[in-house]
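Structural features, examined
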Amino acid sequence: MIRLRGRVSLLRRADPETVGWRFLHFALARVEGEAQGVGEGVELALVPLEGKVFVRVGLEDYALVRKDVFRSLPHVLYLPPGVPFRLEVEGGPALLALGGAPAEGRYPVRLFRPEEMRRELRGGGPALRQVNHVLGPDLPAERLLLYEVYTPSGRFSGWPPHRHDGLLGSPYLEETYLYRVRPEGAFAIHVNYDPERGTEEVHLARDLDLVLVRGGYHPVAAPPGANAYYLNYLAGELVGEARGRPPVDDPLWAWVKGDWSGDPIPLPLEEA
């Protein structure tokens, strides 16, 4: 469990107690002064979204500073279970994301810097996006995975749709999507659908909305004129290097990897 007290407001929360899943803990906090926290039984990864936060762990101080998620990569602070920390904000309120997962304490406190984080352009054509592995499987953690994804105006991400819910040979991973969307008032379109369970959800994801992935496939679209960022925390049955096991694509759409254009019909459409 993630525990916070002091001058801090929880804006979003998802954990086994509130949403009924097994592994993943998430909190989005607005910190306005000094606060204290600890991950009880869970490893933590702290990600700045906006503002300047200094984190004291023992006798060490770590700076988590970010003006805008669309312009810079984060420093990410990793904490093993049970390690108390103190937050102090400089220059006004800050937004801080915290994610946690059950862990045994195999890894020490560590600040991951942007130069350690693998970045890739994934997909192509209308599905071109950037994925930043800010706590990918190549970086040391027990169960936690953490990505930041940028989907430009008019593009898709999470395409072809994929799943990681333990069905059809996929690994079991719970996942949160925290959105930032520009310009103000715009939205991304987030879809959760599961043919095996017969469920479908469509979300208009606006700035700072939190969407949960409990199972099934989950693509995202940024309409023309909207630019979308989302922060993904994942945790589940995979531990250590096994966290790199890939998800399973929807067989209906897997062919798109061979033709990122999507084989569009030609326009204008005219009579023969």
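Heads up: these notes are all about the structure in this document. (Residues numbered from 1 in each chain as written. Predicted model: local features only at pLDDT ≥ 70, side-chain atom pairs only at ≥ 80, totals over all residues. Heavy atoms only, no water.)

Focus: the overall build of the protein
Scanning the protein from N- to C-terminus turns up one helix and 20 strands. On C-alpha atoms alone, the protein measures out to a radius of gyration of 19 Å, which is about the 19 Å that the 2.2 N^0.38 rule sets for 272 residues. Projected onto its principal axes, the C-alpha positions of the protein cover 75 × 40 × 35 Å. Of the roughly 12,700 Å² that the protein leaves accessible, carbon and sulfur atoms contribute 52%. The averaged location of the 37 negative side-chain charges in the protein is 5 Å from the averaged location of its 31 positive side-chain charges. (Helix = DSSP H or I, 4+ residues; strand = E, 2+ residues; numbered from the N terminus. Rg over C-alpha atoms; globule rule 2.2 N^0.38 Å. Areas by Shrake-Rupley, 256 points an atom, 1.4 Å probe, with all protein chains shown as cover. Lys, Arg positive; Asp, Glu negative; His and termini not counted. Charge placed at Lys NZ, Arg CZ, Asp CG, Glu CD.)

Examining a nonpolar patch on the surface
Residues Leu252, Trp253 and Trp255 make up a contiguous nonpolar surface patch of about 330 Å² in total accessible area. Within the secondary structure, Trp255 is located in the segment after β20 (248–249). (Patch = residues over 30% accessible without salt bridge, like charges linked within 9 Å, V, L, I, M, F, W, Y side chains within 5 Å. Salt bridge = Lys/Arg side-chain N within 4 Å of Asp/Glu carboxyl O.)

What to know about the side chain of His164
You can see His164 is positioned in the loop between β13 (162–163) and β14 (173–182). Of the polar contacts made by the side chain of His164, one reaches the side chain of His218; its length is 3.3 Å. Leaving out residues up to four positions away in the same chain, His164 has contacts with Ser170, Pro171, Tyr172, Leu173, Glu175, His218, Leu234 and Pro247. (Polar contact = N/O pair within 3.5 Å; in protein donor to acceptor, adjacent residues only side chain to side chain. Contact = heavy atoms within 4.5 Å.)

Some remarks on the sheet that holds strand β15 (residues 188–194)
The four strands are arranged β12-β18-β15-β16 in an open sheet whose pairing can be described as antiparallel. What marks the edges here is a single partner per strand, and that holds for β12 (156–157) and β16 (199–205). Taken together, the two bridges between β12 and strand β18 (residues 220–221) define a ladder with antiparallel strand orientation. Pairing of Ser157 across the sheet is with Val220, part of β18. (Pairing = 2+ DSSP bridges.)

Considering the sheet that holds strand β17 (residues 210–213)
Spatial strand order, β9-β10-β11-β19-β14-β17: six strands in an open sheet with antiparallel pairing. If you trace the sheet from one side to the other, it starts and ends with β9 (118–122) and β17, each paired once. Here the strands of the sheet are splayed against their neighbours by 20° on average, with no regard to which way each runs. Bridge analysis of strand β10 (residues 129–135) against strand β11 (residues 145–151) gives four bridges, and the strand direction is antiparallel. Among the inter-strand pairings, Asn132 is bridged to a residue of β11, identified as Glu148. (Axes fitted to C-alpha atoms, helices over the stretch in contact; angles between N-to-C directions.)

Topic: the packing of aromatic side chains
Under the definition given, this model contains eleven aromatic pairs. Ring geometry for Tyr177 versus Tyr230: centroids 4.6 Å apart, planes at 40°, classification tilted. Of the two residues, Tyr177 sits in strand β14 while Tyr230 sits in strand β19 (residues 227–236), which places them 53 residues apart along the sequence. Among the aromatic residues, those joined into a cluster by ring pairs are Phe70, Tyr150 and Tyr229. Here the guanidinium or amino end of Arg22 rests over the ring plane of Tyr172, the centre of that ring lying 5.2 Å away. (Phe/Tyr/Trp six-rings, centres within 6.5 Å; stacked < 30°, edge-to-face > 60°. Lys NZ or Arg CZ within 6 Å of the ring centre and 35° of its normal.)

Details of the environment of Arg180
Within the secondary structure, Arg180 is located in strand β14. Residues in contact with Arg180, not counting those within four places in the same chain, are Leu49, Glu50, Val69, Phe70, Leu95, Asp207, Leu208, Asn227, Ala228 and Tyr229.

Let's talk about the pattern of salt bridges
For the structure on display, the rule yields 22 salt bridges. Here Glu116 makes a salt bridge to Arg110, at a shortest N to O gap of 2.4 Å. Residue class for Glu116 comes out partly exposed when judged on its relative accessible area of 27%. Owing to a relative accessible area of 32%, Arg110 belongs among the partly exposed residues under this scheme. (Buried < 20%, exposed > 50% of the residue type's maximum accessible area, 1.4 Å probe, protein only.)

Quick notes on unusual backbone geometry
Between Trp159 and Pro160 the backbone carries a cis peptide bond, its omega angle lying at 0°. For the bond running from Arg182 to Pro183, omega is 5°, close enough to zero to count as cis. Despite not being glycine, Leu168 shows a phi value in the positive range, around 55°. Within the secondary structure, Leu168 sits in the loop between β13 and β14. Positioned with a positive phi, Leu208 is a non-glycine residue whose angle comes to about 70°.

None of this, on its own, says anything about what the molecule does.
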